[in-house]
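Okay, here's what each chain looks like letter by letter:
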Amino acid sequence: MQERGQEHSSHLAPPDACAAMACLEPGQGEQHPCYSSTSMRILASMPSRTIGRSRGAVISQYYNRTAQLRRRNSRPPLQQLCRTARPSLRQYDLETDPARATLEDKRSLLVKEMLSLPPSKCSHILLIAPLNLAEKRTLWQELSGQRGTLRQRTQHRTSSFSSSSSLCGWSKDYIVLSCRNLWYRLLSQLPAMQPWHYALKQIGGRFGSSVLSYFLFLKMLLMFNVSFLLLLLFVVAPQAVYPPASANPQPFTGLELLTGAGYFTNSLLYYGYYRNVTLNEPCASSPNGSSSPLAAPLLPYNMPLAYLFSIGASFFITCVLLVYSMYCSFRESYRLGSSVKNLAVKVFCTWDFKVMQRRSVKLQCENICTHLKELLAERQSRSAPLSPWHTVVLFLAWFVSLGTALLCVLAVLHFSEHMHMVQQDHRMQGSSEQQREAILLALPFVVSLINVLMPYLYDLLAMWERLESPVVQVYVSVSRHLILKMVILGLLCYQWLSRRMVCSTEECWETCVGQELYRFVVLDFIFTLLDTLFRELVWRLILEKRLKRKQRPEFDIARNVLELIYGQTLTWLGVFFAPLLPAVQVLKLLLLFYIKKTSLMQNCQSPSKPWQACHMNTVFITLLCFPSFMGAAVFLSYTIWSMRPSETCGPFQGLETIYKSGQTWMQVLEKSNPNITWLVWGCQPLLLQFMSAILLAVIYVKIQMVKVQQKIMSLLNERIVNEREDKLFLIKKLHSVYKQRERRA
């Protein structure tokens, strides 16, 4: 390469370049380049991304592209024009043969064609055109000059026309402009109307994108739970309008808020309250509980079908939202490639000059500084090879974590069997109702205690491993928490389906499962609050007051995110057995957001090792989809297709399986109208499995497409880097030629 540069460097230098002086000294050429004016002109005239192409060819190419764009937007098809109105071919040589036209003709044609395009299109074309800055500046000046002339003519015509126009026309234009300005202002204020807009900006500016990913994930979970409003509209509300006759309602004592039993047993909260009747029928129960005949109904309402299809539609909408969120997250996090290359953009192009308030300016400064720290930390991070001793430590740490998870599962299994026997003994001895309800809290208490204490062991293992990358630390911690929680939930699901549970009533096992899941959700929330109190507030007071350290605890991202996934999994598991459980989860998430935000601002510090969570949100959504949502969907599918419902309660009592209700309705529908047989086939389990396989295939294809786009972008970035190195090589060779000629002179 150097020999080739020495051979051809004389051809690259212009004739008047002999008098140019190079201000690069031999030892400083690599650190502080200071090129001469002739060298800078040569470097500026070199086309960016177009080595070996002339300016005339580039201008001619963009003229042809602009002409095609204008004709596609403005001209009708050629077949719709008469013969005299068809375009002439006298300028065919300029459009198709760029070599026969001069550079000035090509430039004038390009400017003429760009005048017919909007200013935004012109700016975009000049931005992506592979021309040097001097040529782009010349084109922009000519375009602005001709556009200014056209504007003066238009203003002159407008003034002459406005003198003869009426006052009605002016008022019409004023109203249109006012409505347009109002619409633009509303659009500009739309991002600020989003929930927690300023709070999320404040968290991201002070603690970085890693901590912000937790709150964005919490906000996304709220959106997923809103999809279960269908249950509230089509199941809960109709049953509340036509309540069944309740037998022996129990008084409210307050303990029901923890246990979910007692007063809540025969309420809208659980499956057993809903009946297998057609509402709004003459024989349906009246609102006061009596079964007096009513008037003829306008539209009968089948509660079992509404219950089944509302849950199915809610899960389908949630699945679509999950897949769409996963695809958008993959596109945003992986398509842009490495974020290290955006350092110059973050430094020079991030500031928003429309910000006027002092609070917004301070918040934007913190945001930019935090992002710069993350980018610099990611740029400086290097993955060092693992030593044999470090590999042994990692193996032992994983062995300990998996062994403790297995021990916790065995402990939960034996404790559940023990509490089942204790509950039977108390029922035989005739214990009080409050004692039996208190026993119901034992198993959720133990499981929640395990979920709170085990992460401290994982923190000790992380300190022992001493992983350098904070991203790897979060991924390892997330994996360990996920294994523990999902294995325990799998064991509990097996016990619920086998009906080995501690229950307050023996008649309706679906209500027992709903009560159990309600207790798990409530106790998980309580233990989360206690963990926040002791882990962040009390530990901060100990560090500041007793140990006299200017240090605060850091926000544990992996632990808090897995708590959200665990709570959402409990909600999806229990939505069939407790239709109002998503409402409890929404209330829990709202309280968690404000409590976590207040504790974060008052008790925590920013991460000691800044790191950018560009892929973190994608990982969280993936974990929410496959282990959590898919597991809950499999659990409910098995319940609907295989489990026998209770004989004395619920909307599906007296049937072999819950799916029989849908089959019976399909058979009646097919007999009434044979033209809708496709609907019967559309609800078969095999077709649903086929649709699920297609959905998974679409997810896989989308992920692979994003990865291919990322690879293409990396190749294009590599090409730009190579061209930059070629330019530096050429200009260094020019300097060497200047020095040689200077010495000879």
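Up top is the structure.
From N to C terminus, the chain includes 26 helices and two strands. A separation threshold of at least 6 residues defines the contact pool for the chain, and within that pool the share at least 24 residues apart is 79%. Summed over all atoms, the accessible surface of the chain reaches about 43100 Å², with 63% contributed by carbon and sulfur.

Once that is clear, we can look at the packing of helix 10 (residues 209-226) against helix 21 (residues 557-574). In contact at an axis separation of 10 Å, helix 10 and helix 21 are set at 10° when each is read in the N-to-C sense. Relative to helix 21, helix 10 is oriented roughly parallel. The residues of helix 21 that touch helix 10, namely those facing Ser210, Val211, Ser213, Tyr214, Phe217, Leu218, Leu221 and Asn225, are Ile557, Asn560, Val561, Leu564, Ile565, Gln568 and Thr571. Taken together, the residues of the contact of helix 10 with helix 21 sort by class into nine nonpolar, six polar and no charged.

Listing the buried residues of helix 9 (residues 197-207) in full gives Ala199, Leu200, Ile203, Gly204, Gly205 and Phe207. Two residues or fewer after helix 9 comes Gly208, characterised by a positive phi angle close to 95°.

What follows concerns the side chain of Thr259. Within the element layout of this structure, Thr259 appears in helix 12 (residues 256-259). For Thr259, a relative accessible area of 0% gives the class buried. Apart from residues no more than four positions distant in its own chain, Thr259 is found in contact with Glu437, Leu441, Gln515, Tyr518 and Arg519.

Attention shifts here to the environment of Glu465. Assignment of secondary structure puts Glu465 in helix 18 (residues 442-465). Taking relative accessible area as the criterion, Glu465 reaches 2% and is therefore assigned buried. Along the chain, Glu465 and Val393 lie 72 residues apart, while their C-alpha atoms are 6.3 Å from each other. Setting aside chain neighbours within four positions, we find Glu465 in contact with His390, Val393, Leu394, Ala397, Trp398, Val476 and Arg480.

Our focus in this paragraph is the nonpolar core. General note: in soluble globular proteins, nonpolar side chains tend to be found buried as a group. If you look at the biggest cluster of nonpolar residues, it comprises 108 residues, and the most contacted ones within it are Trp496 and Phe576. Residue contributions to this core peak at 12 residues, all from helix 19 (residues 470-497). Residues Val111, Met114, Leu117 and Cys122 belong to the second largest nonpolar core, which totals 11 residues.

On the surface, Leu182, Trp183, Tyr184, Leu186, Leu187 and Met193 cluster together into a nonpolar patch covering about 680 Å² of accessible area. Relative to the elements of secondary structure, Leu186 occurs in helix 8 (residues 167-189). Given the relative accessible area of 43%, Leu186 is considered partly exposed.

Each value, and the rule that gives it
Residues numbered from 1 in each chain as written. Predicted model: local features only at pLDDT ≥ 70, side-chain atom pairs only at ≥ 80, totals over all residues. Heavy atoms only, no water. Helix = DSSP H or I, 4+ residues; strand = E, 2+ residues; numbered from the N terminus. Contact = heavy atoms within 4.5 Å. Areas by Shrake-Rupley, 256 points an atom, 1.4 Å probe, with all protein chains shown as cover. Axes fitted to C-alpha atoms, helices over the stretch in contact; angles between N-to-C directions. Parallel < 35°, antiparallel > 145°, perpendicular 65-115°, else oblique. Nonpolar A, V, L, I, M, F, W, Y, C, P; charged D, E, K, R; others polar. Buried < 20%, exposed > 50% of the residue type's maximum accessible area, 1.4 Å probe, protein only. Core = buried A, V, L, I, M, F, W, Y, C linked by side-chain atoms within 4.5 Å. Patch = residues over 30% accessible without salt bridge, like charges linked within 9 Å, V, L, I, M, F, W, Y side chains within 5 Å. Salt bridge = Lys/Arg side-chain N within 4 Å of Asp/Glu carboxyl O.

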